[in-house]
Structures are given as structure tokens and as C-alpha cells.
Amino acid sequence: MADRFEEPAFGAVERDFSQVDKARLVQALSRVLAPAGLLHEVEDLRPYECDGMAALRQVPLVVVLPETEAQVVEILKICAAQQVPVVARGAGTGLSGGAQPHRFGVVLSLARFGKILGVDAHARRAVVQPGVRNLAISEAAAPFGLYYAPDPSSQIACTIGGNVAENSGGVHCLKYGLTIHNLLKVRGVTIQGEIVEFGSLALDAPGYDLLPLVTGSEGMLAVVTEVTVKLTPKPQLAQCVLAAFDDVVKAGDAVAAIIAAGIIPAGLEMMDQPATAAVEEFVKAGYPLDAEAILLCESDGTPEEVAEEIGRVRAILENSGATAVRVSRDEAERLRFWAGRKAAFPAAGRISPDYYCMDGTIPRKRLGEMLKAIQAMERKYAMRCINVFHAGDGNLHPLILFDANKPGDQHTAEAFGAEILELSVALGGTITGEHGVGIEKINQMCSQFATPEIKAFHRVKAAFDPAGLLNPGKAIPTLNRCAEYGRERMGRTSPQAHPDLPRF
Amino acid sequence: MDDLIQAWSERVRQAAAGGGRLRIRGGGSKDFYGREPVGELLETGACRGIVNYEPSELVVSVRAGTPLAELEAVLAERGQMLAFDPPHFAAGATIGGCVAAGLAGPRRAAVGGVRDFVLGARLIDGRGDVLRFGGEVMKNVAGYDVSRALAGSLGTLGLIIELSLKVLPRPLAEATLRFDTDEADALHRLNVWGGQPLPVSASAWRSGGLYLRLSGATAAVGAAVARLGGEALDEGAAAALWCGLRDHTDPFFAGELPLWRLSLPSDALALELDGEQLVEWGGAQRWLRSERPAADIRQRVEALGGHATLFRHGDRHGQCFHPLPAAMLALQRNLKNAFDPAGVFNPGRLYEGL
């Protein structure tokens, strides 16, 4: 009966873990781990105090670096028995603070799970440990003409375990999918120390499909110890078209026209004029500086396929009012076209002491509205923002430029970012397309979801982790936090933007 | 529509309070599937219609009771499709039933399964609460991805009322080739081709014949046909073949012998189980007509790294779906309990106690 169900206690207010006994914890863990795998002195813990979201820092109680799955099982059993929070960590490149340590908790680093256990070229799959870098999988598969398709911009550093935790994307998702679409099986350990396999080597698994719940769960449901990924045949050829527009809305319409024509490009990216200027100065990609927006559209496949598609794309771009269209003549030029886009973040770092990267996704047709609203916000907050955009799938990365050393700037940038995210929701989109909620966007979850959904999320977590020990305080806000945030929002002088828009 | 949803929500609430059970049914085209359905019938047909369709966004939002045929016709008008190729099995199949069953057709191995195309869902949970997960955009990692997990849950987690799905353009060109070959060689070739940049969109092998469908840009299909050889099927024969495999109107699926769906790693060796067999999905899905005891079939399939479903005919009171390891079963029970603590929806359709 319904009334026998007990709502998870951590759903209302955050659990208080201040009673955790560090000495007792270290003693228990020392029975499982060699001294080099168990860090508990402050100077050793310091490197773990933040992930890619460096504005938030917190030293944990303990860092553990297990080498075997059996050790992970023992560590989790100890933490469950002593009721200690556990934060799993890959390379620490995440941008939303998902791996930020818990003050009274353990950071469980998977850095020593760095082996590629096998590449099966015939079956097109690779079995890897979670600490293997994303790019290393493609490198191992390259001799067989295969690669691992998802390519987040941080792929030289980020690990597959982190990619699973965040359901990472990249610039080729529209055609090749997100992490979830490229996984066969994830093996993990629950907080109770049970080993569970999600998915299978076949294309499905019996019962509920828990793989999509675990993928993107930000370390809240289980600790990943092994990942089996699908490998994709490397296309014979890739070619890129660079188009310039004198108006961002025209560029957005061109994107819609390409898709409406039945083309799914391998990559479809947009940059606004300030972003183009910032990267051009940095990498000299040959981008036109007078354009209000540029589009990069990549086609891949057999040479015949690419020639056919590029011809169609070119015609559509010209009909959509592109002021210039260039097709990469060789691989070097194609890479140069991409180098600019991939350098957008470092370029922002060159023109501004700090930048804050947003990650909302909106329906593409709303792009013009969003960019105009961001321009108005630049005036409102007296702060610059440059825009790069995974145009193919509607994922926006506005980079808000600020100086953390200026009093109040950090706070203003956060308010600016929050307004962009809330507008993303109001326009029918989401607060995060690929970077995750973490701690960074936890308040905005309250604007995207109502109380019944938030409660359902807490129940999903409790199904895996009844005591709420895995990464507490992340990804899903407590009901209490949402109530407080709601009151704070009501008190703002400018109420929520576009209250009349339908929400999804 | 709001009135209907409110009435359903009230009905669920009353069932939960009074120990009632609901058997959710769309068009009834998959009544044969899963363990024996029980409970008071709740038919979703009144909850129909396309809510939002934006061809250039590649997204359609549709009410659960909408007939699949109606939805597919609307998409076809704009040159698009549900790429996972959902089987209809019978007239009247609905999109809600399609997602709840989680079954995909011949294109599965090439493009992904049902869950890969689910972007968002609205449902009524076992408390009568109306919940919305996911959304109408391609990339969305806010909150646990509950909407994708609904695919294949057989309506046991909630009453789906609306779905947002990613759609894809229909291919410009298609060709189907036939090769004379035995099972072992067919499995080998399918895996080799799978590792090459070929536009394969479907495959099947049965009794000496391997069939391969190529889809994509005209030039790509033409080049692949020239390279692979084989005997080309004419358009009508090809359409009849793939449609028959998708909807199980092919003679292989006729008769009353138990039909097993075996889901295997694509490179798994030949089954060596007696019974008539049909291979699909590049080797990853194999159909078997056999009266061999379930235990024998499951043991062999497990040894090959897969799982077996008693798909049609045979005993529906026992296990239709492959038994789960204890730790996994516990998680699945917890998840069921999280969404439907009173056990209102489709009790026992998936597993006993779920």
C-alpha cells in the first residue's frame, strides 16, 4: 500500500554528516588500502579540493585511490557502515562541481583504474576501466579503423567514468549520439557493496533498463568500475563547410533549413561575432571577422556520400543568405576550421581573467530570442558574454567574461548565468545539455522541475542508495532548498522572464 | 485532455488506496507479450493526438494513445520517421504501447533502440501524481533520465500520457541485397561489415539466405551495392521482407510453437539449439521456434553472453523474461516501489512481484 512507502529523509533537508569520526574511518580504510592509496593529511588532500569548477573549493576528510574492484567494494561497505558520504572522481574536469568533495566525506578517485582491458575489433567494442581517458579509447581502436564517437572538448583529459557519470556529449552528438547511445554495459558497485551490471553485451538487457538512469547520474547511484563501449567505424572522409552570415537569426534559419532538408551533419556549430574575434586572434583559423555569426557544418562518410551532402549543404547555405561559404580543401584546412571552435574556451581565458561557461539547451528556433536576451543581459549586468553553440542540437555555451578579483564580479556572473539558464527553461529547453547539474546549477533545478518530480528523483536515488551517501547535495536539490530559492526569486525586482511561456 | 488526465489520476489514487490493480492497454496489439495481464482495464485510446511537431527540430511530442500508424503517416509527410522502426504487430498499435514494450524493428542495430529516441515523457505515477521528465531537446542531463527508463518497462512504473521523441529523416536511397550462405558465414560477414563504414540499415539471415539493407545518400548506397555484390531485391520484395520481419507477418512467425527472442552479442557463435532460427540486427537478435525447455535455452544463451525472452506462445505464468541476478532484482524492485508502491500498474507483467 502507498502509505507503507517511506519517503527518503534526505529529500527534504540535507543530511548532517558532522558526526563522522575521521580517525575511525581512516583506521577501517587502512585495512583495505596501502598507505599510498589512502590520503588524509591536509596537504595531500589539497589537490582534490575542486574539479573543473574551481570557484568552489572544499577539502575532503579522506581521499582513497583503490586499484581493484574488490577494494572499491570494501571501501563502500565501510562508508555505508559508518554512514560516510562518498564522492567518486575521475579526472576532475567536470564544469559543474559534480566531483566537489564533501566536507565530512571520502573522495573515491578512480585514477588508478586506467587500463584498457580489451579492444574487440570484430565485435566493435572496448572494455575499459573508468579512469581511461576518452581519447585513449579512440587511439587504441584506431589500428582497426574504429573509434569511440562521443568527443567532449576535454577529451584529451576527461575519463570515460566521468563521461558515464555526466552523459557527456561533444560536437558530433547530433549524428553519433551522447555517451548513453555509445555504451553497451556499465559495471558498478552500489553503496551496499553489491556489484551490478547495467546493460549487456547484447543490444538490450532484461527487466527495467537502468543504464539510462545510471548514465548521467553524477555519481549519485553507483560507483562505476568498468565500462564496455561501442566502437564506430571511422568514416573514410570528413569535410567541413565554413559559412559567414551578417545576422545571427539568418544563421539559425540556415541550421533549420539544413535539418529540414533531411541532412544530419556530423557536426553543426555556430559562433557569434565576439566569439569569432576572440578565437581568431588566438588560433588564426581564417574566420571572417566581419560576420555576425559563422557556421561550421561537417559531413562525413564515403567520398561519394560526402560530395553529395556537401553540395546540398552549400546550396542551402547560399539560399539562406550566407555572405561567404568555404569548403575545406584538405584535412589540414578542415582541422584549422575546427581548431577555432575547439579553442573557444581557452580564447575566452585569454581575453578575460575569468569566464563562466553556461550549458543550457533550447529548441533551435528560439536561438534568435535567446541571443537578443543575452545582449540585453550584457547591458543589465555590465558584463560581456561571447557565444558558442552546438547549433545542431540546440546546446548553447555562452561564456560570461568577468574578473574574480573585482569585488562582486563573481556574484554578478553567477546571477547573469542563472538568468540565462532560467530563460533556457522558459524557452522550452533545459538548464544543462551536457555539463551536469552538480552543485553549480542545483538552484536552477527548482525552476525546471516541480515538487512532484523532485520527490520522484529522490525516490529514484533511494532505490539505489537508501541512506543518501553517494555524492550527497549534488544534482537534485532538497525540497527545502527549492522552497528557499522560490522565496528568494519572488523577492527579486524583475520577476521570472517570460512567465507566459509553456514549460517543458 | 486535462479532465481526462485528472480522471485517470483520481482512478489511480483510488486503486492505490483500495488495493486495486490497473491493466494499461493502448491498441492491444501486444496483449500477447509478457506475463499474463491482470487488473481492471484502463484503455489509453482517448488520450491521443500530436501535441507538437517541429520537423526542423527533429522532435515530435505525442499523446500516448495516438495510433502508431497515424503518427508515422504525419512524419512521412515531412520526410521523417521513427528511426527505431517500431513493430505494429496489429492494427491500432499506439505510441504509448510501443515505448512501454520497448520493441524495435530491423533498423535497431544501425540507429539505436526505442530508449535512444525517447527525449521526454509525461506520466501518472502510482500515487496519482502527474510527472514530467526530460523535454523536447536533444541534449538534456538535468535530473535522472527517467523517460528513457520507461522504454521496455511494460507500463509497470506509471501510466504514460505523453512522449517526446527524436525523429530522423527518411533515407534518400535504399537497396536490399541477398547472399547465399550458411549461418556461421553470415554471422562472420555481418560483424565484418559492421566494422566498416557501410550504410547498413538492416540485416537478416534464415535458411541459407543472408539479406542486407543499405540506406542513406544515393551515392553511398550505390557505391556499397557495387562493392558488396550479391543479388538485388526489387523494391516490392524488399519492402515485403522487412515489413514481414518487423510486424511478424512473415511465415517464420506463424504457428503456435513457442517463439523465443534471443538477445546476444552480435559476434556470439551459432546457437546450436534445435528449432528453426532467424537472425537479425547484425547477429544481435535471434529468433527461435522451439519446444526445448526454457532452462536449456536460457542456459545456452547465457553462456553466449545474452538473454532469452519467451516472446509469444508458451507458458505466460512462469518467467517470460530472463531471470535477474539477485542484486539487480533488488534494485528493480526498489525502483518499482519508488514509482508504484501500491503495485497498481500491470502487476506481474514483467516479473512476478514487479
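Thresholds applied
- Residues numbered from 1 in each chain as written.
- Chains lettered and ligands numbered in written order.
- Predicted model: local features only at pLDDT ≥ 70, side-chain atom pairs only at ≥ 80, totals over all residues.
- Helix = DSSP H or I, 4+ residues; strand = E, 2+ residues; numbered from the N terminus.
- Rg over C-alpha atoms; globule rule 2.2 N^0.38 Å.
- Buried ≥ 20, exposed ≤ 12 C-beta atoms within 10 Å, placed from the backbone.
- UniProt positions renumbered as here; feature names shortened; annotations may be inferred.
- Contact = placed C-beta atoms within 7 Å.
- Domains from an automatic or database assignment.
- Nonpolar A, V, L, I, M, F, W, Y, C, P; charged D, E, K, R; others polar.
- Pairing = 2+ DSSP bridges.
- Axes fitted to C-alpha atoms, helices over the stretch in contact; angles between N-to-C directions.
- Expected span 1.5 Å × (residues − 1).
- Arc of directions from axis to C-beta.
- pLDDT = per-residue confidence, 0-100.

Before going further, it helps to spend a moment on the overall build of chain B. When helices and strands are counted, chain B shows 11 helices and 17 strands. The C-alpha atoms of chain B give 21 Å as radius of gyration, which agrees with the globular expectation for 354 residues (20 Å, within 12%). By the burial criterion, 57% of the 354 residues in chain B qualify as buried.

As recorded in UniProt, the feature "domain: FAD-binding PCMH-type" (unreviewed entry) lies at residues 56-234 of chain A. Helix makes up 21% of residues 56-234 of chain A and strand makes up 25%, while its end C-alpha atoms are separated by 39 Å.

A word on the interface of chain B and chain A. Taken residue by residue, the interface counts 76 residues in chain B and 84 residues in chain A. Tallying contributions element by element places helix H11 (residues 326-339) of chain B first for the side of chain B that touches chain A, with 8 residues.

Residue and element names in this part refer to chain B. The residue His-248 is not glycine, and still its phi comes out positive at about 60°. Relative to the elements of secondary structure, His-248 occurs in the loop between helix H9 (235-247) and strand S14 (259-263). Taking the C-beta count within 10 Å as the criterion, His-248 has 18 such neighbours and is therefore assigned partly exposed. Phi is positive for His-313, close to 65°, though the residue is something other than glycine. In this structure, His-313 sits in the loop between strand S17 (307-312) and H11.

What follows is about the domain arrangement of chain A. How big an interface is tends to be stated in terms of accessible area lost as the parts join. All names here are of chain A. Assigned domains within chain A: domain 1 (16-234 + 449-479) and domain 2 (237-346). If you look at the interface, domain 1 gives 5 residues, while domain 2 gives 8 residues. Here the side of domain 1 that touches domain 2 is composed, by residue class, of 2 nonpolar, 2 polar and 1 charged.

A few words on the sheet that holds strand S10 (residues 223-230) of chain A. Residues and elements named next belong to chain A. In spatial order, the strands read S5-S6-S10-S8-S9; together these 5 strands make up an open sheet with antiparallel pairing. This sheet does not close on itself; its edge strands, each paired only once, are strand S5 (116-120) and strand S9 (195-199). Put simply, the sheet's adjacent strands are angled 15° from each other on average, direction ignored. As paired strands, strand S8 (residues 183-189) and S10 are joined by 6 bridges and run antiparallel to one another.

For the rest of this paragraph, the subject is the domain arrangement of chain B. Residues and elements named next belong to chain B. According to the domain assignment, chain B contains domain 1 (2-169 + 331-339) and domain 2 (173-312). The gap between the C-alpha centroids of domain 1 and domain 2 is 27 Å. Every contact between the two is made by 11 residues of domain 1 and, on the other side, 13 residues of domain 2.

This paragraph deals with helix H11 (residues 331-342) of chain A. Residue and element names in this part refer to chain A. Between its terminal C-alpha atoms H11 stretches 16 Å, which fits the 16 Å expected from 12 residues at 1.5 Å a residue. Of all the residues in H11, the buried ones are Arg-334, Phe-337, Trp-338, Gly-340 and Arg-341. Buried residues of H11, viewed axially, fall in a sector of 150°; they line one side. Across H11 from its buried face, at more than 90 degrees, point the exposed residues Glu-331 and Ala-332. Structurally, H11 contributes buried residues whose contacts are with strand S12 (237-245), strand S13 (267-272), helix H9 (273-283), strand S14 (293-301), helix H12 (344-351) and strand S17 (384-390).

Mean pLDDT over chain B stands at 97; residues scoring 70 or higher make up 100%. Both confidence scores are given for the complex: pTM 0.96, ipTM 0.97.

Along the chain, Tyr485(A) turns up in helix H17 (residues 479-490). With near-sequence residues (within four places) excluded, Tyr485(A) lies in contact with Asn443(A) and Cys446(A).

In this section: the pairing of strand S4 (residues 59-63) of chain B. All names here are of chain B. With respect to burial, S4 is a largely interior element, 5 of its 5 residues being buried. Burial along S4 is two-sided: the face carrying Val-59, Ser-61 and Arg-63 and the face carrying Val-60 and Val-62 are both buried. In this sheet, S4 lies alongside strand S3 (residues 50-54) in antiparallel orientation, the contact comprising 4 bridges. Residue pairing across strands places Asn-52 opposite Ser-61, the latter belonging to S4. Turn length for the S3-S4 hairpin, with the two strands adjacent in sequence and antiparallel, is 4 residues, and the turn residue Leu-58 shows positive phi of about 60°. Examined bridge by bridge, S4 and strand S8 (residues 159-166) share 5 bridges and lie antiparallel to one another. Its bridge partner lying in S8, Arg-63 is registered against Glu-162.

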